[in-house]
Amino acid sequence: MREPNEGPSPTTTKAERPKVVGGKSLFRLLDLLDSAGYTEAAQQSVELAVDEEQRPTFATQAAQYTASPTREAAGDAGKTSKSSTRRSRAADQANAVSTENIAQNYIEAADRLSPPQPFGPQWRSLGPWTVPNGQTYGSGRVNISGRISAIAVDPNRPAHVLAGAANGGVWESFDRGASWSPRTDYAATLTVGAIAFDRRNTSVVYCGTGEGNWWAYLGAGILRSTNGGTTWTTLCQAPFVGQGFYSLIVDPGDSNHLLAGTTSGLYVSTNGGVNWTQRRTSTTWAISINPAGGTSAEILAACRDGLWRSTNGGTSWTAVTLPSAPASFNRLAVSIAPSNPQVAYAWGANGATAQLWRRTTTTWAAITIPPGVSTGQAWYDWYVEASPDRTTEVYCGAIDAYRGNLSGTTWTWTNLSSKSGTGSSIHPDQHAIAFEPGQPNTIYCGNDGGLYRSPDRGITWQHCNNGLVISEYEYIDHDYGSSRFLIGGTQDNGTERWTGSMVWEHIADGDGGDCAINRTDPNIVFHSYYGVSPERSSTRGNFGSWTGIAPSVPSGESSLFYPPFECSANGGDTIALGGQSLFVSRNNGTAWVRLALPSGSLASAMYIPNVDNVFVGTTDGRIFKTHWGGSSWSTPSALTTPRSSASLSDIFVDSSNLNRLWATYRTVGGGRVYRSDDGGSHWIDRTAGLPNLPMNAVAVDNWNSNRVWVAADLGVYQTTDGGATWGNYSNALPNAFVGDLIFHPHARVLRAGTRNRGVWEIPVDGWMTQPICGVQWTGHLLANQTKRWFTWGWPATWHMIWTVMPTTVRPGSPQILWKTQVERASAEFATYWITVQNLTSAPIDFEGRYCILSRY
C-alpha cells in the first residue's frame, strides 16, 4: 500500500517518512531474509530492485528505515561499523546460504510432512473466506483476500480459471472466480510464480513455483497437472530449485516446447518440461511468443539486460534495440499483440524512469507513458499485455493498472484501479493480468488485494475473492475470554477481525503489523502499521475507532519493518514495543517510558509475563529484562545469550514461574530453539529433531509446561518432553509459512497465522466428543430451607450445565428446586450462583453437579 505520507489509514498518526528506493516491499523482504541469515538471497533482491545509481541512497535509507538491512549489494555507501544494529558482516558471511540450499531445506522439510491423516487432531481453517471493506486508492472499497501472482484462463472453458497465490498455492474456479478450491496445499512449496495451459491440450497445465516477485528463494521446480489443474505432481525440480518464476510459456504450436523466465535466466525445454537448457543467464521477467507458435515463431524475452528476440525456438537470441533504453532495467515486460503479431509492446523501469515502446512491423518507438505512474516498486509489481483484439490498446501494470488507447497519433490513458469518478476501483500493487478467451472485454487483474474481474475492459470491477483463502498474516492475537474473537495484521491489507464467521471484518487500513488484546479488558485492542506506529481502540477494534499512541522516537533511531509489540500476558495495562530502544507503558500507551537498549541492539521479539516484567530479544541474539520497582523501570539487563549473532524471533516466559523461558531464532546455521530453567542464566539447545528452517514463534501449554509448539517457515512442531524430542504437528495444515503461533488456554486451541493461507486452529486435545461431568459440591438443607452457593473461576468460553441431585431418597414428590445464575466475574472467567430450595418438610442432602459440554 501507500507510503506513510500518502495516508495509509484515515486515522493514522504515524510519523511521515520520505518514499524509499525499492519501496516498502523491499525492506520487508530484506528483514525476512536478513533475519534468517539468507545473505545471498538478500543481496540478489537488492540487485534486482535497486539500480546502481540509487544504491547509495538505498543504503542510507536502509539505515534510517528499518535499521540496516543487507548492505553489501549496495556498495561502500552501505557499509556499517561493528556496532551495526544487525549481526556483523562476518556473522552474515559465516551464515550465508545459497538460494538453492535454502529451497532444498524446504523440500526436505516438506518431505517430513504429509497430507491429512485420519487420526489425531486436525487443523482447520478460520478463513478469511473473504474480507469486505478493503482499501483502494480510488473511490469505494472492495473485498480483499491476499496477493495473486499468476492467473491462467482455460482456452477451451472460459469459466475455468486458475489463480496462483504468492505463497498460497494454486486455486481453481469453475465459475469465473465466484468460488474457489485449493489444489496444491501439500506440495513441497506453496509459492507460485507462473501458470500456463497447454493450448493444444488444455487438460495439461504447468505451474512454476517460487514467486519471482518476492518468494523467489523458495522455488522447488515445476508442477504439472493432467486434469486441468485439479491435481498436481512434481514434473521437475532441477534446474529451478531456489529460483523464482516470472514467466512460463507453452508453445501454441508444439506442446513439447516450453520456455521459462526466472530469477536466474531463460530456459527452454523440448520434451514437455522434463529437461531444461539454460539459454540466457540474465534475469528474465517476461516471455511472449507469436500466437501461431512453432519452431520458427518469433519469441521476445524481457530481461535485466534488455529486450531479446529469437526465431529458432529460443536456442539463440539477438538483442533488440529500444530507443533511449538503459543498459539494464529494474524491470521490463513485453507482449506481442495476439491480433497482429507485428505489433508488440515493451514496458520498462529503471530507477525513477518508466518507458513504454511500441513496435509496428520491425520498428520500435517510444510512446507516451501513463501519467503519474510510479516505478518505486517496479521490481515487485509490473506487467504489460496487448489487448487480444486491438493492436491500438495496451494494459500496463505498476502500483496502479492502466489502459492505453491509441487514436491517430494520440495515446489516451485510463487509470483502471484507482478511480475518483465513475467506475469502480480495485486494490493497488498489480502483479498479473489475463483475458477471457473469446471475450476480450473481460479481463482479470491480480494484485496484493486478490483477484478482480472486469466485463468492460477495466471500467467496472467484480471481486473474485469469495473463498480465496490466501491472506498473509504477519501477527495474530485473541481474546482469552472468547473462543471466537481474534485480530491479525496482514501484508498490505490492513488489520482484520474474526468473530466466528469465515467472513472477517476489515478494521484498519495500511500494512497490518503486530497486534495485541488487553487480557483484563479485551475491549482495548492494539494494532500497528510498519515502523513504530501503534494505535489503540477501546471498542474491540471497530473501523475508525483507532487513536494513535506512538511514543516519541529520537531522531535517527529505527526499528524492524514490523517491530515487536506486546500486552501483558497475565492481565493489566502494561504494553511495550521495541526498536533500538524499548518503550514501555503502564497505562495502555497514554504515557511511555523510553529505555535505551545497549549499542548494537535492535528489538525483534518481546514477552511481558506480568505487569512488572518485560523481556526483549534482539536481532543479534541477546535477551534483556526490565523490572518495575514500584516507581520506575530498571535499566534493561542482559540475560545470558542463548546464541550470539542470530536474530531472535519469539520469547515465552512462564508467568507462574519466571525461571522457565523459551526462545526461538530465525537465523539458520545454529540452534533455533532454546530453553532456560533458571531465569536465563543458562540455556539448553532444544533444536535437535527440528527441520533446518527458521523458527518463528513458540507457544506453551498452560496445563503442561513441557508441552510446547514451535512454528517454522514450513509447518508446526510439538514436544511433550520439554524439547528433548519433537514431532510434526501439522496434520491437515497446508505446507505454509507459519509466521505466528498463539495458544488459547481455555478453548484449548492452538492458532497459526500463515503467509498466504490465512489463519488456522487445532484442538490440542481433540474436540470434545462427550461431556465432562462431575460433582462440584455437596450440600444440606433443612426442611423447606432455601440457600445459595457459588462456584468461581470457570472459563467463560466453556459451555456449562449445572444440576442438583438429592442424595436423600424420599420417593413420592419433587424434593428440590434449583436456579442457576451467571456472573461474568472478569473478562475471561465466570461465577455461577446456584440457588437451591428444599421442597419438603424434612432435611435433605444433595450434590451440585456440573457438565462441561464444550470448551470452545
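Residues numbered from 1 in each chain as written. Predicted model: local features only at pLDDT ≥ 70, side-chain atom pairs only at ≥ 80, totals over all residues. Heavy atoms only, no water.

A. Expanded view of the nonpolar core. Of all hydrophobic cores here, the largest spans 64 residues; its most connected members are Y38, F58 and Y217. In terms of residues, this core owes the most to one element, helix 1 (residues 23-36), which gives seven residues. With residues up to four places along the chain from it excluded, the contact list for Y217 reads L32, L33, Y38, A41, T99, I102, A103, Y106 and G242. Residues Y383, Y452, A747 and V759 belong to the second largest nonpolar core, which totals 25 residues. (Core = buried A, V, L, I, M, F, W, Y, C linked by side-chain atoms within 4.5 Å. Buried < 20%, exposed > 50% of the residue type's maximum accessible area, 1.4 Å probe, protein only. Helix = DSSP H or I, 4+ residues; strand = E, 2+ residues; numbered from the N terminus. Contact = heavy atoms within 4.5 Å.)

B. Looking closely at the sheet that holds strand 32 (residues 473-478). As summarised here, the arrangement of the four strands in space is 32-33-34-35, forming an open sheet in which the pairing is antiparallel. Whereas interior strands pair on both sides, the edge strands pair on one side only; in this sheet they are strand 32 and strand 35 (505-508). Going from strand to strand, the sheet's axes swing by 30 degrees on average, the running direction of each strand aside. Where strand 34 (residues 494-498) meets strand 35, three bridges bridge the pair, whose relative direction is antiparallel. Of the residues in strand 35, the one forming a bridge with E496 is H506. (Pairing = 2+ DSSP bridges. Axes fitted to C-alpha atoms, helices over the stretch in contact; angles between N-to-C directions.)

C. Quick look at the side chain of S676. Take S676: it is sitting in strand 50 (residues 673-676). Using a relative accessible area of 0% as the deciding quantity, one classes S676 as buried. Only 2.8 Å separates the side chain of S676 from the backbone oxygen of H682, close enough to count as a polar contact. Look past the residues within four positions of S676 in its chain and what remains in contact with it is N659, R660, L661, S681, H682 and W683. (Polar contact = N/O pair within 3.5 Å; in protein donor to acceptor, adjacent residues only side chain to side chain.)

D. Structural context of unusual backbone geometry. That bond from G127 to P128 is cis: its omega, 5 degrees, falls within 30 degrees of zero. Each neighbour pair has its own omega, and for A238 with P239 the value is 0 degrees, a cis peptide bond. With respect to the secondary-structure elements, P239 resides in strand 11 (residues 233-241). Its identity as a non-glycine residue notwithstanding, S324 has a phi of 65 degrees, on the positive side. Checked against the element boundaries, S324 lands in the loop between strand 19 (318-320) and strand 20 (331-336). Phi at S645 takes a positive value of approximately 55 degrees, unusual for a residue other than glycine. Residue placement: S645 occurs in the loop between strand 47 (637-638) and strand 48 (648-654).

E. Structural detail: the pairing of strand 53 (residues 704-712). Note that strand 52 (residues 695-701) and strand 53 share six bridges and pair antiparallel. Each bridged residue has a counterpart across the sheet, and for A699 the counterpart in strand 53 is W709. Pairing of strand 53 with strand 54 (residues 716-719), which is carried by four bridges, proceeds in the antiparallel orientation. The residue of strand 54 that forms the bridge with V710 is Y717. Taken together, strand 53 and the strand that follows it, strand 54, pair antiparallel across an intervening segment of three residues, in which G715 is found at a positive phi of about 95 degrees.

F. Local environment of a nonpolar patch on the surface. Side chains of W129, M502 and V503 sit close together on the surface and give an oily, nonpolar patch of about 230 Å² of accessible area. In this fold, W129 is placed in the loop between strand 1 (124-127) and strand 2 (131-134). Judged by relative accessible area, which is 35%, W129 ranks as partly exposed. (Patch = residues over 30% accessible without salt bridge, like charges linked within 9 Å, V, L, I, M, F, W, Y side chains within 5 Å. Areas by Shrake-Rupley, 256 points an atom, 1.4 Å probe, with all protein chains shown as cover. Salt bridge = Lys/Arg side-chain N within 4 Å of Asp/Glu carboxyl O.)

G. Representation of the packing of helix 1 against helix 2 (residues 39-49) in the model. Two elements in contact, helix 1 and helix 2, have axes whose closest approach is 9 Å; the angle formed by their N-to-C orientations is 165 degrees. Between helix 1 and helix 2, the angle falls in the class roughly antiparallel. For the element pair helix 1 and helix 2, the recorded crossing hand is left-handed. Here L26, L29, L30 and L33 of helix 1 lie close against helix 2, whose contacting residues are A41, A42, S45, V46 and A49. (Parallel < 35°, antiparallel > 145°, perpendicular 65-115°, else oblique. Left-handed = near helix turned anticlockwise from the far one by under 90°.)

H. Looking closely at the sheet that holds strand 54. The four strands lie next to each other as 52-53-54-55, forming an open sheet whose pairing is antiparallel. Single-partner strands in this sheet number two, and they are strand 52 and strand 55 (727-728).

I. Representation of the state of the cysteines within the structure. Across all of its chains, the model carries zero disulfides by this definition. No disulfide involves C303; its sulfur sits 18 Å from the nearest other cysteine sulfur, which is in C396. Residue classification places C303 among the buried residues on the basis of a relative accessible area of 0%. In this structure C567 is not part of a disulfide, and its nearest cysteine sulfur, from C515, lies 9.6 Å away. Classification of C567 by relative accessible area gives buried; the value is 7%. (Disulfide = S-S within 2.5 Å.)

J. Inspection of the pattern of salt bridges at higher detail. By the definition in use, this model includes 34 salt bridges. The salt bridge involving R176 is made with E436; its shortest N-O contact spans 2.9 Å. Here E436 lies in strand 28 (residues 430-436) and R176 lies in the loop between strand 6 (169-173) and strand 7 (181-182), a separation of 260 residues in the sequence. Its salt-bridge partner being R540, residue D479 comes within 3.1 Å of it at the nearest N-O pair. Of the two residues, D479 is situated in the loop between strand 32 and strand 33 (486-490) and R540 in the loop between strand 38 (534-537) and strand 39 (547-548); the sequence distance between them amounts to 61 residues. One network of salt bridges, with partners in common, ties together R28, R147, E211, E472, E474 and R755.

K. Local environment of the side chain of D509. Here D509 shows up in the loop between strand 35 and strand 36 (515-517). The exposure class of D509 is buried, given its relative accessible area of 2%. Polar contacts involving the side chain of D509 include one to the side chain of R141, which spans 2.5 Å. Within the structure, the side chain of D509 is placed 2.6 Å from the side chain of H506, a separation counted as a polar contact.

L. Region of the structure containing the confidence of the model for the protein. Chain-level statistics for the protein give a pLDDT mean of 93 and a share of 94% at 70 or above. Here residues 2-18 is a poorly scored stretch, pLDDT under 50, and it has 41 contacts once near neighbours within four places are set aside; other chains count. With pLDDT under 50 throughout, residues 71-95 is counted as low confidence; its partners more than four residues away or in other chains account for 59 contacts. (pLDDT = per-residue confidence, 0-100.)

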